[in-house]
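Here is how the chains run, residue by residue.
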Amino acid sequence: MRTNALNRATGRQMECAGYTVRQELVLLELNSARRALNSALATPTANHPERLPTRHLDTDQIEAVSDVDVAAFGFDWGLCETAVTDVCGATPRHRLRGAGDPLAAFAISGRDGRQGFLQRLSVAPTHQRRGLGRALVLDSLEWMTRWRVQRVLVNTAFDNQAALALYQGLGFRRIGERLRVYERSLL
């Protein structure tokens, strides 16, 4: 059994209950989605001078979304179809977007009032470093800007250098302590 990402205080309680640390995550925040979006659109990167197209994904594409996620994160961390649906339902409002034809990347963004979340970003390994992740983050920020989201949060594994470079390159800053995912065998 695995937990969601927990702070240190809650983690101590999980450790007392026999759970062990499975993964450490970095929490990042962006305090102005509009400013970050405007800056990113005004200064395209050398590797990706154009913004790549994204599109809406329907519930009938959840299997393809899951396939991309498992390809990106492996069977141990990749999301099955049910888990993708759960991530979409984790916030009062969400947006599921994809890139590539056939689907090669997706993002699930959520919002709750004036706070936004980049809940999941996955790019199939054969399509990484081509600008799809960046395009999907910008698409998410654009959606959040329309809804006047003031603060955006995202987390990623502390050793995921590609994701950290992407987020920090778009203006996200590390905050607080590392989060932890805990695990316990039920056997």
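So, here's what we can say about the structure. (Residues numbered from 1 in each chain as written. Predicted model: local features only at pLDDT ≥ 70, side-chain atom pairs only at ≥ 80, totals over all residues. Heavy atoms only, no water.)

## Thoughts on the side chain of Asp69
With respect to the helices and strands, the residue Asp69 is situated in helix 3 (residues 62-77). Aside from chain neighbours lying at most four places away, what touches Asp69 is Gly74, Trp77, Gly78, Leu79, Phe106, Arg120 and Ser122. (Helix = DSSP H or I, 4+ residues; strand = E, 2+ residues; numbered from the N terminus. Contact = heavy atoms within 4.5 Å.)

## Quick word on empty space enclosed by the protein
Counting across every chain of the model gives two cavities of 30 Å³ or more. Estimates place the volume of the second largest cavity at around 30 Å³. Every residue along the wall of the second largest cavity is listed here: Asn7, Arg8, Glu24, Glu177, Arg178 and Arg180. Considering every element that reaches the lining of the second largest cavity, the biggest residue donor is strand 7 (residues 173-183), with three residues. Of the residues contributing to the lining of the second largest cavity, the split by class is no nonpolar, one polar and five charged. (1 Å grid on protein atoms, 1.4 Å probe; cavity = no way out; pocket = protein on both sides within 12 Å on 5 of 7 lines; lining within 4 Å. Points joined across faces, edges and corners; volume = space filled by probe spheres on them. Nonpolar A, V, L, I, M, F, W, Y, C, P; charged D, E, K, R; others polar.)

## Things to note about unusual backbone geometry
Following Asp101, the chain continues to Pro102 via a peptide bond in cis, the omega torsion being 10 degrees. Looking at the secondary structure, you find Pro102 in the loop between strand 3 (93-99) and strand 4 (105-112). Even without glycine at this site, Arg129 takes up a positive phi of about 65 degrees. Inspection of the secondary structure assignment puts Arg129 in the loop between strand 5 (115-123) and helix 5 (132-146). One non-glycine residue, Arg148, adopts positive backbone phi at about 60 degrees. You can see Arg148 is positioned in the loop between helix 5 and strand 6 (151-157). Taking relative accessible area as the criterion, Arg148 reaches 57% and is therefore assigned exposed. (Buried < 20%, exposed > 50% of the residue type's maximum accessible area, 1.4 Å probe, protein only.)

## Re the pattern of salt bridges
Taken as a whole, this structure holds eleven salt bridges when the rule is applied. Here Glu24 ties to Arg178 by a salt bridge, and the two come within 3.8 Å at their closest N and O atoms. Of this pair, Glu24 sits in strand 1 (residues 20-30) while Arg178 sits in strand 7, placing them 154 residues apart in sequence. Using a relative accessible area of 22% as the deciding quantity, one classes Glu24 as partly exposed. Several salt bridges converge on common partners, so that one network encompasses Arg2, Arg22, Asp76 and Glu183. (Salt bridge = Lys/Arg side-chain N within 4 Å of Asp/Glu carboxyl O.)

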